[in-house]
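# Structural overview
Take a look at the letters that make up each chain.
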Amino acid sequence: MKQTAVVTAGTAGIGWETALGLAAAGLAVTVVGRNAERGARAIERINATAPAHPARFLAADLASLDAVRALADRIAADGPLTVLVNNVGAMFPDRQDSVDGIEATFAVNHLSPYLLTELLLPALRAGAPSRIVNVTSGAIGVAKRTFDAVEPPGGYYGFHWYGRAKLAHLAYTLELAGRLDGTGVSVFAADPGGAATDMTNGTMGDPKIVSPGLRLLWPLVRRKFERSTSGPASVAAKPSILAATDGSLTGRTGVVIGPRAHPVAPFRPATDPRIAEAVRRLSERLAPLTPLTAG
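So, how was this worked out
- As a convention, each chain's residues are numbered from 1 in the sequence order in which they are written.
- Predicted model: local features are reported for residues with pLDDT of at least 70 only, side-chain atom pairs are reported and counted for 80 or more only, and whole-chain, interface and lining totals are derived from all residues.
- With hydrogens and water excluded, all non-hydrogen atoms of the structure serve as input to the side-chain values.
- A run of H or I in DSSP counts as a helix once it spans at least four residues, and a run of E counts as a strand once it spans at least two, with each numbered from the N terminus.
- Buried residues are those whose accessible area, probed at 1.4 Å on protein chains only, stays under 20% of the maximum for their type, while exposed residues exceed 50% and partly exposed ones sit between those limits.
- The definitions used throughout rest on a 1 Å grid laid over the protein atoms alone, on which a cavity is an enclosed set of points accommodating a 1.4 Å probe that cannot get out and a pocket is an open set flanked by protein within 12 Å on both sides along at least five of seven lines; lining residues are those having an atom within 4 Å of a point.
- Grid points are joined across faces, edges and corners, and a volume is the space filled by probe spheres set on the points.
- Note on residue classes: Ala, Val, Leu, Ile, Met, Phe, Trp, Tyr, Cys and Pro are nonpolar, Asp, Glu, Lys and Arg are charged, and everything else, Gly too, is polar.
- Between any two strands, at least two bridges found by DSSP are needed for them to pair.

Next up on the list: unusual backbone geometry. P129 follows A128 through a cis peptide bond whose omega is 5°. Note that P129 resides in the loop between α4 (104–126) and β5 (130–135). A positive phi angle, near 50°, is found at A9, a position not held by glycine. If you trace the backbone, A9 turns up in the loop between β1 (4–8) and α1 (13–24). Classification of A9 by relative accessible area gives partly exposed; the value is 29%. A positive phi angle, near 60°, is found at A261, a position not held by glycine. As for its position among the elements, A261 is in the loop between β7 (255–257) and β8 (263–264).

A word on the layout of surface pockets. Taken as a whole, the second largest pocket holds about 340 Å³ of empty space. In this structure, the second largest pocket is lined by 21 residues; those nearest its centre are P129, S130, R131, S186 and T250. Residue composition of the lining of the second largest pocket, grouped by class: 8 nonpolar, 10 polar and 3 charged.

This paragraph deals with the pairing of β5. With 6 of its 6 residues buried, β5 lies for the most part within the structure. Side-chain alternation along β5 places S130, I132 and N134 on one buried face and R131, V133 and V135 on a second face that is also buried. As paired strands, strand β4 (residues 83–86) and β5 are joined by 4 bridges and run parallel to one another. The residue of β5 that forms the bridge with V85 is V133.

Okay, here's the thing in structure tokens:
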């Protein structure tokens, strides 16, 4: 049976390098992105490497939950799925809402990959042994750890809210690993560490993205971050590629792959069942699951 993979936000940066690595490993890769022109270029570059299976592009605005549902329906129609890499991520200097009226940072970084994953679980079970890889971030260390509502108390600070959304998704990832243990579907988190991408280049220079307490230290923090983001996206993609393909992880689940592409201990708050339960309740309320039309 042909092995298949889906990589979200795969038209450039870490996502594209991940898709390229999975294609080189012999998987038939579907790249998901918003822009059809960028998608066509991404696929052309992957296919120029003569992979065993040609890559393809599917357009979807992952900030829209309806678009996520339509994407899941389209992918599920193709049959069993071997690898799902949820690489999508976004950080915003100013607060904004998604098309669903949900704060955009939480919608893009957690609700979108949460919904896509849940809707594709039948396809992943059919493709077992299969893997889910959710991309996390070191920004979880500055996150508020309350998930009673989509927005935490206090003012909007993009870096902290991004970290909170990524913390929610890591807690979900570890909970999902336990839920799927024994089904043949393994679940991993991958931390790319620092990489120079459109997201970091577009936001990290703005001191408004951090709280006043951190703002005083931001010039030092930013310089340290910029030094760590000087590496290429190809290096930052290695944790995701390893999580998706490495044989040493066969039979394992709930593992976090760190920036140096080896397992690391998970961020302790993400293992708190109270946080996982609060994230589950909030996710189910904001992004209710609907049956797929594809069998």
